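Coordinates in review
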Amino acid sequence: MIMLSMPKLLIIIAVIVLLFGTKKLRSLGSDLGASIKGFKKAMNDDDEQDSKKEASDSSAKVEDLTSTDDDNNKKE
């Protein structure tokens, strides 16, 4: 397994900066951050929709049960 020490990591980072430039790396970082933020927002929105759907489903079931009970009481 390759062990990377601190001097080796600094050399690799320096080469990457020289190849791509700081402006391109900065824009890449901001694009990556925006993508992660959008992904998290989409996941939270999806969870909220699921919880709202479950709440409406359970309230519809309760309404169905109460209407069935009312129908049974009327028949008696």
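Here we summarise the structure given alongside this text. Since we're looking at a predicted model, the values are computed, not measured.

1. Quick notes on the overall build of the protein
Assigned secondary structure in the protein consists of two helices and zero strands. Expressed as a percentage of the 76 residues in the protein, the buried residues total 0%. For the protein, the accessible surface area stands at approximately 7200 Å², while carbon and sulfur atoms represent 63% of it.

2. Thoughts on helix 1 (residues 6-20)
Over its 15 residues, helix 1 extends 21 Å from the first C-alpha to the last, a length consistent with the 21 Å expected when each residue adds 1.5 Å. One or two residues past the end of helix 1 sits Gly-21, with phi positive at roughly 85 degrees.

3. Some points on a nonpolar patch on the surface
Judged by side-chain polarity, Ile-2, Leu-4, Met-6, Leu-9, Leu-10, Ile-11, Ile-12, Val-15, Ile-16, Leu-19 and Phe-20 come together as a nonpolar surface patch covering roughly 1100 Å² of accessible area. Along the chain, the position of Ile-11 falls in helix 1.

Each value, and the rule that gives it
Residues numbered from 1 in each chain as written. Predicted model: local features only at pLDDT ≥ 70, side-chain atom pairs only at ≥ 80, totals over all residues. Heavy atoms only, no water. Helix = DSSP H or I, 4+ residues; strand = E, 2+ residues; numbered from the N terminus. Buried < 20%, exposed > 50% of the residue type's maximum accessible area, 1.4 Å probe, protein only. Areas by Shrake-Rupley, 256 points an atom, 1.4 Å probe, with all protein chains shown as cover. Expected span 1.5 Å × (residues − 1). Patch = residues over 30% accessible without salt bridge, like charges linked within 9 Å, V, L, I, M, F, W, Y side chains within 5 Å. Salt bridge = Lys/Arg side-chain N within 4 Å of Asp/Glu carboxyl O.

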